[in-house]
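Report on the structure
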Amino acid sequence: MKIICEREKLLHAFQTAAGVVPTRSPKPILQNLKLEISEQRAVLIGTDLEVGIRIEVPGIAIEVPGDIVLPISRFGSILRESSDEKLDLQSDGRKTIVRGQRSEFQLPSENPDEFPEVVGFEEERYHEFPARFMREIVRRTVFATDVESSRYALGGVLLEMTLEGITAVGTDGRRLAKQEGPAKSVGGHESGDTMTIVPTRAMQLIERALAGGEENVQLAARDNDVLVRSSGTTIYSRLVEGRFPKWRDVFPRGEDMVKIELTVGPFHAAVRQAAIVTSEKRRGVEFTFGDGKVVMTAHGAEFGESHVELPVAYDGTEMSVSLDPRYMSDFLRVLDPEQTFVVELNNNSSAVVCSTDDGYGYVIMPLASDKKS
Amino acid sequence: MAKPLHAVDYLAKPEKHPPQPVGVVFGDEPFLCKQVILKIRSAVLGLQDGEFSLSEFDGREAVLRDVLEELDTVAMFGDGRRLVVVEDADQFVTQYRSELEDYVGSPSNAGVLVLELKSFPANTRLYKASASANALVVDCSVPTKDTELASWIAAKLIPWLTARAKQTHRVELPQAAAEMLIEMIGPELGLLDQELAKLALAAGDDKKISAELVGQSVGGRRAKTAWLMLDAALDGDTPEAVLQLGRLLASGEEPIGILAQVSFSLRKLAAATRLALQAEAAGHGVQLRSALEQTGIRPFALQKTEQQLKRLGRQHGSKLYGWLLQADLDLKGVSALAPRLILERLIVRLSCKG
């Protein structure tokens, strides 16, 4: 195997693929990336057996095809530290030689045949939609998932795919984020009764791999795994096993919900101010809507009290609810400061719903303890 | 001050003791603790999506802030309340004693906190605070003194066992059969329940377990150590090995502890296989018995171990290290399989003739 690669391009692909490599593994070969060189292209492959990635690396002149296994830390350091524009790579199966203009490295090499296979995207039925929408799905739902608890199904994002579009849902049982939008179903691809729960880590990898691209994404859900392809990169992930809760039931129904329109930037600033004095024991901020304003108050024995007001277009019956300001901030952080959203509330023990006009919905459960004592 | 409710009394009529904002389940009988928590769980969470309102914390690592955060937030799924169980909570209580005393006096109305403890001394402020807050305190211990034990068996254990037979296993267990079963098994409720399940299958059309059936079926075969399980597996008796595994788990043995015990013996078999294969590859044969001696097998166990290794075969013997490593890693979180399944898979591998 012998190639000449453009260092910057290989480094970019290497860093993206390294995102799936496990820090510890009973299979040491997984702490490497495999570079598959055929006559036509070079593909960089990484996997931890749960999640896998294949990236086509541009800027490679192929002299002799073949496969090579590259150790993450050492080869990654060479790519980072080198200042050469191009690097020569060659392998005789036992060692890998990396040559720059004034440098040469010899690295021991593992057998590429022992590297597990990562499937490519060969599906005929899939959903297609802009990469921008995929990034939005990840950014707006992943933060609400719960990767630490024993409720494994909550450690991923549920994707529901119909002929018309995609709905993505993440929840940790205290708040729930839902993003929906149009997507083209190719070959009648639908999720049907299958629960397509994509692990949070895989969703984050997808976002990183798509960085900045404006092309389309193809997403195919199978019984036990999901494949995502976009401009030369394919990500494979096993699905989270388990049953996702009935998330639609979480959105309160009924006409007695009060709806108030707010602008993200000023509201977020006010929430952050009100939260300054919250403590572990009293985490809640009381949101009181009425009389043309929203009043946010917090009081903790340790850090004093806060009282922040913001004018709003609401003069109806006074409504009050205690919320964890971090959960409200998490929602506001993923929105544009100039954007408006609608907050819907009913009483102090019912879920608060925030929604935008671009298919984003967010439910926060209120705090109970701050009403006591 | 009133004595805590005993688990068998609670389990007899759980509906009489609805969950309070704080519950303490304490004692050294793991089966009873598990049963009590299951009842509290179904009472708090109900059906449907209630399971998503359950949070379980390991008391050795749990942080109070995370526990309170769960308790303070109105439940998103299920019947409206959260259930937060802190398992193995003795260290947690020691670490956050004063905060917990405060919490018991003014708990959240959105969640139910259950502390699972080994002991709950009556002279602590937390105990007193729990009593004055009407917390549900359930004692899951079995008397250790012989004098107390005899009367406890008659007054509590036999009624519990007969009720358990009827309600869970759908069979009748007369007092004489119950007494005999306890005599043979001992006051270990997990093992008793396992035997009951087995006897229920063996019961005739009248769905009655007689003392005679108990004598025939139970026959004193009581698993005391993991060695019986390992011997059964290496002898190719998979059902017996799985049964012994079930007994060990029901008696409260930790899966990782069971693996550690059997690994001690299996590593010697693996080493003996490796020695034999290395000698063979070098062109000079080696007696299996001599290889076993080199690995430290004691003389009295040589014959039996040699037979087991021959049965296992060199191919499986050379895979032993890998199997043990995989089981160890899987139990430490690499696999999503239940610990029992991981151990059962190892048993099946050992039982197969090489």
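All values reported here derive from a predicted model rather than from experimental measurement.

A closer look at the overall build of chain B
Counting its secondary structure elements, chain B contains 17 helices and six strands. Its C-alpha atoms give chain B principal-axis dimensions of roughly 80 × 50 × 40 Å. Expressed as a percentage of its 354 residues, the buried residues of chain B come to 47%. Pairs at least 24 residues apart make up 72% of the contacts formed inside chain B by residues separated by at least 6 positions. Put simply, chain B shows about 17100 Å² of open surface, and 52% of that area lies on carbon and sulfur atoms. In chain B, the 41 positive side-chain charges and the 45 negative ones have mean positions that sit 5 Å from each other.

Quick word on the pairing of strand S4 (residues 82-87) of chain B
All names here are of chain B. Within S4, five of the six residues are buried, which leaves the element mostly enclosed by the surrounding structure. Where strand S3 (residues 54-58) meets S4, five bridges bridge the pair, whose relative direction is parallel. If you follow Glu-56 over to S4, its bridge partner there is Val-85. Pairing analysis gives five bridges linking S4 to strand S5 (residues 111-117), with the strands arranged parallel. Paired with Val-84 across the strands is Leu-113, a residue of S5.

A short note on the packing of helix H9 (residues 189-202) of chain B against helix H12 (residues 238-250) of chain B
Residue and element names in this part refer to chain B. Interhelical geometry of H9 versus H12 gives an angle of 145° and a closest axis separation of 8 Å. Seen from above, H9 lies across H12 with right-handed handedness. In contact with Gly-190, Leu-191, Gln-194, Glu-195 and Lys-198 of H9, H12 contributes Leu-243, Gly-246, Arg-247 and Ala-250.

Here we look at the sheet that holds strand S2 (residues 22-26) of chain B
All names here are of chain B. Taken in spatial order, the six strands line up as S1-S6-S2-S5-S4-S3 in an open sheet, and their pairing is parallel. Edge positions in the open sheet fall to strand S1 (5-6) and S3, since each of these has one partner strand only. Here S2 pairs with strand S6 (residues 136-139) via four bridges, running parallel. Of the residues in S6, the one forming a bridge with Phe-26 is Asp-139. Relative to S4, helix H2 (residues 30-45) is tilted by about 165°, and along the sheet it contacts S1, S2, S3, S4, S5 and S6.

Some thoughts on the domain arrangement of chain A
Residues and elements named next belong to chain A. Along its sequence, chain A is organised into domain 1 (2-114), domain 2 (126-247) and domain 3 (252-364). On a C-alpha basis, the centres of domain 1 and domain 2 stand 29 Å from each other. With twelve residues of domain 1 at the contact, the number on the domain 2 side is twelve residues. Roughly 1000 Å² is buried in total at the junction of domain 1 and domain 2, and carbon and sulfur atoms are behind 51% of that figure. Among the salt bridges present, the one from Arg-238 reaches Glu-50, with a minimum N-O distance of 3.7 Å. Counting residues per element, the side of domain 1 that touches domain 2 draws most heavily on strand S4 (residues 51-56), at six residues.

Notes on helix H3 (residues 131-141) of chain A
Because an α-helix completes one turn every 3.6 residues, residues spaced three or four positions apart along the sequence face the same direction. For H3(A), the buried fraction is high: eight of the eleven residues fall into the buried class. Taken together, the buried positions of H3(A) are occupied by A:Ala131, A:Phe133, A:Met134, A:Arg135, A:Ile137, A:Val138, A:Arg140 and A:Thr141.

Describing the environment of A:Arg135
Residues and elements named next belong to chain A. Secondary-structure assignment places Arg-135 in helix H3. Here Arg-135 falls in the buried class, since its relative accessible area comes to 16%. Note: C-alpha distance between Arg-135 and Gly-212 (77 residues apart in sequence) is 9.0 Å. Look past the residues within four positions of Arg-135 in its chain and what remains in contact with it is Glu-207, Leu-210, Ala-211, Gly-212, Gly-213 and Glu-214.

Cut-offs used in this document
- Residues numbered from 1 in each chain as written.
- Chains lettered and ligands numbered in written order.
- Predicted model: local features only at pLDDT ≥ 70, side-chain atom pairs only at ≥ 80, totals over all residues.
- Heavy atoms only, no water.
- Helix = DSSP H or I, 4+ residues; strand = E, 2+ residues; numbered from the N terminus.
- Buried < 20%, exposed > 50% of the residue type's maximum accessible area, 1.4 Å probe, protein only.
- Contact = heavy atoms within 4.5 Å.
- Areas by Shrake-Rupley, 256 points an atom, 1.4 Å probe, with all protein chains shown as cover.
- Lys, Arg positive; Asp, Glu negative; His and termini not counted.
- Charge placed at Lys NZ, Arg CZ, Asp CG, Glu CD.
- Pairing = 2+ DSSP bridges.
- Axes fitted to C-alpha atoms, helices over the stretch in contact; angles between N-to-C directions.
- Left-handed = near helix turned anticlockwise from the far one by under 90°.
- Domains from an automatic or database assignment.
- Buried area = accessible area lost by both parts, 1.4 Å probe.
- Salt bridge = Lys/Arg side-chain N within 4 Å of Asp/Glu carboxyl O.

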